[in-house]
Amino acid sequence: MSNTRTYDVAIIGAGPGGYVAGICAAQRGLSACVIEKDTPGGVCLNWGCIPSKSLIHQATGFLALKQAEQIGVRVDRSGFDYARVQAKSRQAATRLAAGIRALLRKNGVHLLQATAALAGPNTLALTGGEDAGTAVTARHLIIATGSRPLNLEGFEIDERDVLSSTGLLALEALPKSIVILGAGAIGCEFAYVLRAFGVTVTLVEMAPRILPAEDGEAAAVVDASFRTAGIDVRTACRAMSLARTAAGLEVRLQDPDGTTKVTAQKILAAFGRLPNTQGLGLANVGIHCDERGRIVTGAYGETSVRGIYAIGDVTCSPALAHVASREAEIAIDHIVRGEQAWPQTVEADLVPSAVYCEPQLASFGLREEEAKAKGVAFKKSVFPYRGAGKSVALERTDGFVKILAAPETGEILGAHIVGAEATELVHELLLARQAELLPEDVASVIHAHPTLSEAVMEAARSVHGRPIHL
């Protein structure tokens, strides 16, 4: 090795877990470095959360042109150029990646450009990139290497015909048609964007409904909106094979009614992700992984090797950027405070889920189907968006706020919102849940009128059967 650098904390990966860990470490008085082989921000910022939200924003604006026509404005769309849409999404990612570099520099965190592997319990060997040949030693190591798209046999991602979300975000021209395999958050968000820009979309999901991890009634609102928009939604449907023909990519689908074939120009594989554990040298130090290759962690995100932590998608945690960031804070707090640190792990019931298509869907905690399956008693209140004046004024009345509460105590067990700005509205109820407040506490807060948040207030009132506008 040409040189050795020593730190209190060394972090592999500069995604939403890694860069947050570096900043938190520096803020707590620790020397820290973050090692990244690509661009700071990870997949989320560069090829996921941020550019996709830029596309969603622009797609919504494009659809708004139809509303302008309803009030007599003539709109000429002949100059539409998707390459400009894609360029704006890249600008957003580039700007934020530069911002992360600046934040790391501001906090005194060293950003090393290389690929890192464990050479020992406290040592990393760096290869490739500007800092290749460097050895890093640290009292504590944090693995935050994220995940990559899952390949399905017969539908291997080549980024030419079969695209990952990264490949789709890199497109500068839209296909005329696409088959999306997987109707989770990623699949639904891209279905919305592509259909908004005029692409013929077939959305395929193996489960009985789209968004199978979400509340069934909320998912049904999104499903209805998609069908109205002209998206061909296929549920309880399995992709069996792919053939390349003169007409395009022919996908054979199997559903309860039999076998059908759909032809499209592109396929988006959105059926899952795998942890990035390859090449890390985990076996060199005895770090345990589960059968899916995910790093097994205990309290505070510590692995089977004391002093080495793992956070985010590379572990068994929910593959969400905000989970990785919170786990980064927990790990650093444990490094600083030891067993006095709190909390020990991210509490699953306090993790918000967010789907950014239109209508949006956001949730946390117990789902109604889950409660019934487990025999958990609950009472349900539902307040429709159409009862909130602002939703009517905005002409965005599809959706509702649902609260599940404990029958005896009134404790909020879960909340599910589908509709306009649901991903922003959910946090009021989540804060109430975390602070151990009751629905009546939310209902007693004076909400500005007219706002969409009044639907949250009314749903809270409805828990005790006292809604005003229903």
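Look up: the structure comes first, before these words.
Quantities reported herein were computed from a predicted structural model and do not represent experimental measurements.

Asks: Go over the nonpolar core with me, naming the residues and quoting the values.
Replies: Of all hydrophobic cores here, the largest spans 39 residues; its most connected members are Ile 180, Leu 203, Ile 210 and Phe 226. Listing elements by their share of this core, those giving two or more residues are helix 3 (49–70), helix 4 (82–106), helix 5 (165–170), strand 9 (177–181), helix 6 (185–196), strand 10 (200–204) and helix 7 (216–228). Per element, the largest residue contribution to this core is seven residues, and it comes from helix 6. The residues contacting Ile 210, other than those within four sequence positions of it, are Ala 183, Cys 188, Leu 203, Glu 205, Ala 219, Val 222, Asp 223, Phe 226, Val 233 and Thr 235. With 30 residues, the next largest nonpolar core counts Ile 11, Ile 23, Ala 93 and Ile 332 among its residues.

Asks: Could you give me a rundown of the packing of aromatic side chains, with the residues and numbers involved?
Replies: The tally for this structure, following the rule as stated, stands at four aromatic pairs. Between Phe 62 and Phe 80 the ring centres are 4.9 Å apart and the planes differ by 45°, which places this aromatic pair in the tilted class. Of this pair, Phe 62 sits in helix 3 while Phe 80 sits in the loop between helix 3 and helix 4, and the two are 18 residues apart along the sequence. Since its relative accessible area comes to 19%, Phe 62 is described here as buried. Taking the relative accessible area as the measure of exposure, Phe 80 reaches 33% and is therefore partly exposed. Plain terms: the ring middles of Phe 62 and Phe 197 are 5.4 Å apart, the flat faces sit at 55° to each other, and that makes the pair tilted. Of this pair, Phe 62 sits in helix 3 while Phe 197 sits in the loop between helix 6 and strand 10, placing them 135 residues apart in sequence. Residue class for Phe 197 comes out buried when judged on its relative accessible area of 10%. Aromatic ring contacts, followed pair by pair, group Phe 62, Phe 80, Tyr 82 and Phe 197 into a single cluster. When the ring centre of Phe 62 is taken as reference, the NZ or CZ atom of Arg 77 above it lies at 5.8 Å. In this arrangement the basic side chain of Arg 90 is found over the ring face of Trp 47, its NZ or CZ atom lying 3.7 Å from the centre.

Asks: A description of the state of the cysteines should follow, citing residues and the corresponding values.
Replies: If you walk through the whole model with that rule in mind, you get one disulfide. Sulfur-sulfur distance for the disulfide between Cys 44 and Cys 49 comes to 2.3 Å. Disulfide Cys 44-Cys 49: torsion about the S-S bond near -120°, hence left-handed. Exposure remark for Cys 44: the relative accessible area of 19% places this residue in the buried category. Take Cys 357: it sits in no disulfide, and the sulfur closest to it among the cysteines is that of Cys 188, at 5.6 Å.

How each quantity is defined
- Residues numbered from 1 in each chain as written.
- Predicted model: local features only at pLDDT ≥ 70, side-chain atom pairs only at ≥ 80, totals over all residues.
- Heavy atoms only, no water.
- Core = buried A, V, L, I, M, F, W, Y, C linked by side-chain atoms within 4.5 Å.
- Buried < 20%, exposed > 50% of the residue type's maximum accessible area, 1.4 Å probe, protein only.
- Helix = DSSP H or I, 4+ residues; strand = E, 2+ residues; numbered from the N terminus.
- Contact = heavy atoms within 4.5 Å.
- Phe/Tyr/Trp six-rings, centres within 6.5 Å; stacked < 30°, edge-to-face > 60°.
- Lys NZ or Arg CZ within 6 Å of the ring centre and 35° of its normal.
- Disulfide = S-S within 2.5 Å.

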